Structure formats: structure tokens, C-alpha cells
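Descriptive structure summary
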Amino acid sequence: MKKVRIGVMGAYRGTSMINYCEQADNAQVVAICDKWVEGLERQKAALNDPNITYYTNFEDFIRHDMDAVVLANYANEHAPFAIRAMKAGKHVFSEVLPVQTMKEAVELIETVEETGLVYAYGENYCYMPAPYEMRRLYREGKIGEFEYGEGEYIHNCETIWPSITYGEADHWRNNMYATFYCTHSLGPLIHITGLRPVSVIGLEGTKAERKRRVGCKNASFGIEMVTLENGGIIKSIHGGLYKNSVWYSVYGSHGRLESGREDAGENVDRLYVNADAFDGEYANRAVESYKPSEKAAKESAAFGHGGSDYYSMYNFVRKILGYADADTIDVYEALDMFLPGLFAYRSVLQGGVSVPIPNLRNKDEREKWRGDTACTDPKVAGDQLLPTMSTGTPQIGKEVYDKMYALWRKDFTSDDGYTNAAMTQGSKKE
Ligand SMILES: NC(=O)c1ccc[n+]([C@@H]2O[C@H](COP(=O)([O-])OP(=O)(O)OC[C@H]3O[C@@H](n4cnc5c(N)ncnc54)[C@H](O)[C@@H]3O)[C@@H](O)[C@H]2O)c1
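Nothing here was measured: the structure is a model prediction, and the numbers come from that model.

The number of helices and strands found in the protein is 17 helices and 15 strands. Taken over the C-alpha trace, the protein has a radius of gyration of 21 Å; the compact-globule value for 430 residues is 22 Å, and the two agree within 12%. Projected onto the principal axes, the alpha-carbon positions of the protein cover approximately 60 × 55 × 50 Å. Here the protein holds 430 residues, and the buried ones make up 48% of them. Contacts spanning at least 24 positions in sequence make up 68% of the contacts within the protein whose residues lie at least 6 apart.

What follows covers the site of the ligand. Neighbouring the ligand are 22 residues; Tyr12, Arg13, Lys35, Trp36 and Ala75 lie closest to it. Residues of the shell around the ligand, tallied by class, amount to 10 nonpolar, six polar and six charged.

Structurally, the protein comprises domain 1 (4-124) and domain 2 (125-296 + 329-384). Placing a centre on the C-alpha atoms of domain 1 and another on those of domain 2 gives a separation of 24 Å. Contact residues are listed per partner, giving 21 residues for domain 1 and 28 residues for domain 2. Listing elements by their share of the side of domain 1 that touches domain 2, those giving two or more residues are helix 5 (102-115) and strand 6 (119-121). Considering every element that reaches the side of domain 1 that touches domain 2, the biggest residue donor is helix 5, with seven residues. Counted by class, the side of domain 1 that touches domain 2 contains 15 nonpolar, four polar and two charged residues.

The sheet built from six strands is open, its strands ordered 3-2-1-4-5-6 with parallel pairing. For this open sheet the edge positions go to strand 3 (53-55) and strand 6, each flanked by a neighbour on one side alone. Shown here is a sheet whose adjacent strand axes are inclined to one another by a mean of 25°, direction ignored. Direction of pairing for strand 4 (residues 68-71) relative to strand 5 (residues 91-94): parallel, over a ladder of four bridges. Residue pairing across strands places Val69 opposite Val92, the latter belonging to strand 5.

One finds Ile6 and Met9 to be the most contacted residues of the largest nonpolar core, which totals 108 residues. Looking at this core, the element that brings in the most residues is helix 13 (residues 331-349), giving 11 residues. Taken together, domain 1 (4-124) and domain 2 (125-296 + 329-384) each give at least three residues to this core, which thus spans both. Not counting residues within four places of it along the chain, the set of residues in contact with Ile6 comprises Cys21, Ala27, Gln28, Val29, Val30, Met66, Ala68 and Val70. Of all hydrophobic cores here, the second largest spans six residues; its members include Trp161, Val214, Met404 and Trp408.

What helix 4 (residues 78-87) keeps buried is the set His78, Ala79, Phe81, Ala82, Ala85 and Met86. Looking straight down helix 4, one finds that the buried residues subtend no more than 165° of arc, so they occupy a single side. Those residues of helix 4 hidden inside the fold are in contact with strand 1 (4-9), helix 3 (58-61), strand 4, strand 5, helix 5 and strand 6. Where helix 4 terminates, the next one or two residues include Gly89, which has phi positive at roughly 90°.

Here we take up the environment of Thr193. Of note, Thr193 is situated in helix 9 (residues 183-193). C-alpha of Thr193 to C-alpha of Asn267: the two residues are 74 residues apart in sequence and 21 Å apart in space. With sequence-adjacent residues up to four places away left out, Thr193 is seen in contact with Tyr138, Phe146 and Leu228.

One open sheet accounts for nine strands, arranged 14-13-12-11-7-10-9-8-15; its pairing is mixed. Lying at the two open borders of the sheet, with one neighbouring strand each, are strand 14 (288-290) and strand 15 (355-356). Across two bridges, strand 8 (residues 197-204) lies against strand 15 in antiparallel orientation. By the bridge assignment, Ser199 is partnered in strand 15 with Pro356. Most of the contacts of helix 13 go to strand 8, to which it runs at about 50°, and overall it touches strand 8, strand 9 (221-228) and strand 15.

By secondary structure assignment, the location of Asn26 is in the loop between helix 1 (14-23) and strand 2 (27-33). Judged by local crowding, Asn26 falls into the partly exposed class, with 14 C-beta atoms found within 10 Å. Between the C-alpha atoms of Asn26 and Arg318, which are 292 residues apart in sequence, the distance is 8.4 Å.

A few words now on helix 16 (residues 398-413). In this model, helix 16 (16 residues) spans 23 Å end to end at C-alpha, consistent with the 22 Å of a helix rising 1.5 Å per residue. Of all the residues in helix 16, the buried ones are Tyr401, Met404 and Trp408. The buried side chains of helix 16 occupy one side of the element, clustering within an arc of 55° when seen end-on. Turned more than 90 degrees off the buried face of helix 16, the exposed positions are Glu399, Ala406, Lys410 and Thr413. On its buried side, helix 16 packs onto helix 7 (161-165).

Bringing the pairing of strand 10 (residues 233-239) into the picture now. With five of its seven residues buried, strand 10 lies for the most part within the structure. Across seven bridges, the pairing between strand 7 (residues 146-154) and strand 10 is parallel. In the strand pairing of strand 10, Tyr148 is matched with Ile233. Two strands pair when backbone bridges link them, and strand 9 and strand 10 are joined in this way by seven bridges, in the antiparallel orientation. Note on strand 10: the bridge partner recorded for Phe221 is Gly239.

What counts as what
Residues numbered from 1 in each chain as written. Predicted model: local features only at pLDDT ≥ 70, side-chain atom pairs only at ≥ 80, totals over all residues. Helix = DSSP H or I, 4+ residues; strand = E, 2+ residues; numbered from the N terminus. Rg over C-alpha atoms; globule rule 2.2 N^0.38 Å. Buried ≥ 20, exposed ≤ 12 C-beta atoms within 10 Å, placed from the backbone. Contact = placed C-beta atoms within 7 Å. Near = placed C-beta within 6 Å. Nonpolar A, V, L, I, M, F, W, Y, C, P; charged D, E, K, R; others polar. Domains from an automatic or database assignment. Pairing = 2+ DSSP bridges. Axes fitted to C-alpha atoms, helices over the stretch in contact; angles between N-to-C directions. Core = buried A, V, L, I, M, F, W, Y, C linked by C-beta atoms within 7 Å. Arc of directions from axis to C-beta. Expected span 1.5 Å × (residues − 1).

In C-alpha cells, the structure reads:
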């Protein structure tokens, strides 16, 4: 069988995609790139594969003879590398998030259109068992037309913050705004319904003590209240509340679908289907509850995030190989998942007004955004720099980052530390 030759940028989260290729019969890793030499060396030792070439810079890496590139680099830097990779003739799998600014969104779409290469957005949460089954049932008409839905991705990362920010004050996780990391909560609902978001109202959580003590400059959580093209509404919430939760629900014109709740001892493995001829008072008569069967349950079992890490790569490789049923998330859908977060923050900055979300599928709408670099990353924003919270960018002392750095080093160099586990399994983080 023809093997798709893949290069992976980002030796940390990239471990998950490397692991996918190691067990697949139709993909192989041929190159790995990371400027973090220590991480690269550890990856090299763990893989012990003479067929893989290692690079410390993108310029050399992208010249390697390969078909596709996985971008598991910084979450706010995917678009520039995706564009360069596609211009060099490589298909792209992009980790979350797709872009950082509207300027990048326009450039990314145009590069995909010009090159005709596969761009797959790695929003793995779409492929978790319950939301993926919700998609199948929704598309079958099981609950009628979408009216309302909720997506939650609550992850209190306080204990792992040293291992995921390395004491870097300007790491993207410390510098992002509350509604930036929105696609784990919102993405599955977009993938279920296939509807385009048209406007958004944003909110940011104000109690940010847990964030400040680890050096993070944003709000504790973000909310997007999104109106879709059919008038349906989604509430998406994500961030660092005290207790974790990944949960989805969808209400249609004649039924409801929802995933299991963690406090009931369940999770996204379980689905509740409440769709019968009885409305309102009688709604609970015939609730079905089951664990959806998966296409590749055996293969995906070892992968992180409820096995979803397996399916995002599985579909990417099959898309490149030309399988018509490969279910990837294309650039337009990726932006349907992300732009609500970008514009929710503009809503937050304007006191919570409703803000329209442009439709970049329309070429005419792109012109207005071509020069829009507004974001919280000083390297990219220029004179359009935004504060990390609506109340301003908090000042955090160097001692906080020194402490994070020391904790990270202790963890990284210990034999059984969190980071070591993440390096070999690529699935322990988030
Ligand atoms: N989908 C998920 O469930 C999930 C889970 C965890 C992380 N992620 C995503 O994975 C990506 C990576 O996250 P992470 O946790 O590994 O941490 P990270 O963002 O801190 O690490 C990125 C890695 O890329 C390397 N890198 C960055 N710029 C580079 C450059 N110009 N040249 C060479 N190497 C470069 C860094 O050295 C680092 O090792 C992020 O986009 C994050 O959002 C997704």
C-alpha cells in the first residue's frame, strides 16, 4: 500500500501524530522538526528509526522529500507555516487553532484555493464518540432542524501549566485572550450541524486568580453565544474553571441529543438520544442511552482525547489518498469554528454587543480584512495590538515565570514526570 510521507513540526503534541503513523499501514513519518533540541533528541531516542530525518528549523525541514506536513507548533503560529508548506507543495494538517488574525484567515483560504492541496484542521473533539454519533443522527434527521446547542471544554490546567508553558512569559497560552481557544467546545457543534455562524456575543470570566498565579494573562474562561445561519443558537464555553468538563448537547425541532456528564460517572463515550413523538412533559419517556460503536475502536483505543486523536489523522491520510468518504475539516469549516472566538473577543472589548462574523467564502468580503492584524501577539499585531483582557493586560512578576520554569525542569528531568509521559504517548496533555 502507498504510504503518505509525513513531516511533523512540533515534537511535543506532534507525538500523537507520530504515533498514528507508527501504527498505520498507509502513512509514515519521514521528518520531524522542532527548534527545541532537547525535545527533538528525546523523540529521536524514543523512535530509534533511521528512516526519519530531524531538523531544528522549518526552512530545511520543508525542503525534505515528503507529501504532507503536520503542524503541531505554537497554536497562534499555524497559518504562516501552513501557507509556506502549501506553497512548497505539501498537504497540511493543522493543529488548533487555524489562524491568529483576519489577515491570516484571508491568506490561508486563498493559499488553499490556489494550491488545491488538502488542508485538514485537526479539531479532534469532533471525532469523539458522542459528538460524532450526534453528527450522524443529526444528518439523518433524527431530531429535526437545529434550534439550540451547547459545547463545553473546561480544563483546569493549573497543575500542568509549568509543563505546557515552560516559564515563558510570552508563551501563547499566557498571552491569548479568553475566547481564543474556542474550537474544542464550538467545533463539534459546527461539524454536527454544518451550519455557518453569522454573529456572536462574547463574555470573559472575571475571577482569574488561578490564572494569575501561574503567569497566564487572560480571563478564567470565555463564552461565545453564536447565532447560526438558520437562526439557531450555540452557547460555547471553554477555559479554566475549577472542575473539568467536556460535554455537548443539541436541541432540534423534535428531539435532543447529549453526551454523558462527568459527574454522573460518564463522558463523551456515552450518548443520550431523546427523540420521540412526545414533546415537553413527556420528553423522558423513551430516552435511549448507548456507547456509540466506532469504525476503528481497536486502533483508536490507545489514542488520546477519547480516541479522537486517531480519527483526525486517519481522515487526513485517507483524504490525501483520495477516499471520497474521508471526513476532514476543510479551511472554510475550520474558520466557522474559529472566527466566532475571534469576533467574540471584539464583542467583549465593546462591552458585549452582537458582532457579525464575515463569510470569507465570499471573495468580496475578504478585502475588508486583508490588513486586519488585531490580536494579542505583539509580534504580529503591529499597531493593532489588543490587551489580553478587556480590563487591560495584567502585569505579572518575573518570579512567577521563574517558578514555572523551575517546576518544568524538575518535571521534565524526572523519570516518571508528566512531561516524560506526554513525550512518549502524545496524549496526556489537554
Ligand atoms: N487537539 C488537541 O487536543 C491538542 C492538545 C494539546 C495541544 N494541542 C495543540 O498542539 C500545538 C502544540 O502544543 P504543545 O502543547 O505541544 O505546546 P507548544 O505550543 O508549547 O509547543 C509547540 C512546539 O513547537 C515548537 N516550535 C514552535 N515554533 C517553532 C519553529 N518556528 N520551528 C521549530 N519548532 C517550533 C516548539 O519548540 C514546541 O516544542 C498547539 O497548537 C496546541 O493548540 C492540541
